[in-house]
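Fold and geometry: a report
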Amino acid sequence: GVVSVHGSTIFKNLSSRGFKESSIAAGVVPVLHRIAMAHTKNAEASEKATAALWTLAHSAASTSLMKCDVQLAKDLLSLCANTTGAIQKNSIGFIGNLAHWGDRTTRQVVRDADAISTLLPFCKSNDYIGLRATMTIAVLAGQDEKNAIVTAEPYIVDSILELFDIVVHHGGRAYDMDWGIDLPLLAIQILSISDKNKPRLATPKVISDLILCLTKFSENVSAVELVCQTLLSFSFLDDEDSHDMFEPFPELSNLLQTIRTNAKCSVEARTSAHRLLNYLKETHEMKPIALEPSASIAAAAPLSSPKERIASPRASVP
């Protein structure tokens, strides 16, 4: 039978109190999966189970340990499509977390579960469901030059840039949720990889906001990394005016110099900052700078991004 509501609440509390990895290792995911799919028999238990799954999938470490299979992803996507209210919201939160913080294998599992076509109809909804669906599709398909979904549906990029503006300038409150900077930044960074998306992203407004993030979110290791990678992607824009895109922002060079030598920044951020500095030097007909021995990226110990990048239903970031 269906596990009691009390039991599923325990699972939710366990996953919310720092026991994510141990809960997954103990085999809680298949149990939660079964409870979630029995929503017609016990909707309250299903709601608690989907909330727990959403919570469990909110770090790179836990999504990797979870080893999500296609059936789990398909079933939660079916809940996205065929339920409403909290179960639907929790399910799309779970799928979104898998896509955003999962590794390459996990993201492919979500693609194989037909997430893009399932979520696409939700993208125009003016609510949390629509915005989360939009960002998930951007992460799954945004960098694929052959996939025309993002190019054919311009509102995907527009919605992400709108959320980015809200987080940077207006506190991040949107659709009754408090959003963190990592979600829109990751979507923008992945979108920026595709040459088809670069012209719509590499605007003075977006560049200015990205540079602002380097100071406003300077303590957020993953945010700094994503900004540096995005700006570096913009430098590959093949356009007559692209060489001048950074000229209105003289402060960028000093910020990149600081990141390049800051041991608290990730190796990826420092590498991107170094390459972008070289680009700025070259476009201004100056010799590329050389890395000082003390700042050598190769010699630096790898620094990982924060594990807890996206919050659970109990936290402040969707």
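Our structure's up above, just so we're on the same page.
Residues numbered from 1 in each chain as written. Predicted model: local features only at pLDDT ≥ 70, side-chain atom pairs only at ≥ 80, totals over all residues. Heavy atoms only, no water.

1. Remarks on the overall build of the protein chain
A tally of helices and strands in the protein chain yields 18 helices and 2 strands. Per-residue burial for the protein chain yields a buried fraction of 54% across its 318 residues. Surface exposure of the protein chain reaches about 14,200 Å², of which carbon and sulfur atoms provide 52%. (Helix = DSSP H or I, 4+ residues; strand = E, 2+ residues; numbered from the N terminus. Buried < 20%, exposed > 50% of the residue type's maximum accessible area, 1.4 Å probe, protein only. Areas by Shrake-Rupley, 256 points an atom, 1.4 Å probe, with all protein chains shown as cover.)

2. Focus on the layout of surface pockets
Empty space within the largest pocket amounts to approximately 620 Å³. If you trace the largest pocket, you find 27 residues lining it, with Arg107, Gln143, Leu186, Gln189 and Ile190 closest to the centre. Contributing elements (two or more residues each) for the lining of the largest pocket: helix H7 (85-101), helix H8 (104-112), helix H10 (128-141), helix H13 (182-191), helix H16 (221-234) and helix H18 (267-283). Looking at the lining of the largest pocket element by element, the count peaks at 5 residues for H16. For the lining of the largest pocket, the class distribution of residues is 10 nonpolar, 9 polar and 8 charged. Estimated volume of the second largest pocket: approximately 230 Å³. Leu214, Ser218, Glu219, Asn220, Val221, Val224, Leu255, Thr258, Ile259, Asn262, Lys264 and Cys265 together form the lining of the second largest pocket. Within the residue set of the lining of the second largest pocket, elements represented by two or more residues are H16 and helix H17 (251-260). Its residues placed into classes, the lining of the second largest pocket shows 6 nonpolar, 4 polar and 2 charged. (1 Å grid on protein atoms, 1.4 Å probe; cavity = no way out; pocket = protein on both sides within 12 Å on 5 of 7 lines; lining within 4 Å. Points joined across faces, edges and corners; volume = space filled by probe spheres on them. Nonpolar A, V, L, I, M, F, W, Y, C, P; charged D, E, K, R; others polar.)

3. Focus on helix H6 (residues 70-82)
If you check H6, its first and last C-alpha atoms are 18 Å apart, about what 13 residues at 1.5 Å a residue would give, namely 18 Å. Turning to H6, its buried residues are Leu72, Ala73, Asp75, Leu76, Leu77, Leu79 and Cys80. Those residues of H6 that are buried are in contact with helix H3 (28-37), helix H4 (43-56), H7, H8 and helix H9 (115-119). (Expected span 1.5 Å × (residues − 1). Contact = heavy atoms within 4.5 Å.)

4. Considerations on the side chain of Asp75
Within the secondary structure, Asp75 sits in helix H6. In this structure, Asp75 is buried with no salt-bridge partner, the nearest side chain bearing the opposite charge being Lys74 at 8.4 Å. (Lys, Arg positive; Asp, Glu negative; His and termini not counted. Salt bridge = Lys/Arg side-chain N within 4 Å of Asp/Glu carboxyl O.)

5. Some words on the packing of aromatic side chains
Per the counting criterion, the structure on display carries 3 aromatic pairs. Centre to centre, the rings of Trp54 and Tyr128 are 6.1 Å apart; their planes meet at 35 degrees, and the pair counts as tilted. In this pair, Trp54 is assigned in helix H4 and Tyr128 in helix H10, connecting sequence segments 74 residues apart. The exposure class of Trp54 is buried, given its relative accessible area of 1%. (Phe/Tyr/Trp six-rings, centres within 6.5 Å; stacked < 30°, edge-to-face > 60°.)

6. Focus: unusual backbone geometry
You will see that Lys67, though not glycine, has its phi angle at about 50 degrees, which is positive. Of note, Lys67 is situated in the loop between helix H5 (60-66) and H6. In this model, Asp114 sits at a positive phi of 70 degrees, which is unusual for a non-glycine residue. Within the secondary structure layout, Asp114 lies in the loop between H8 and H9.

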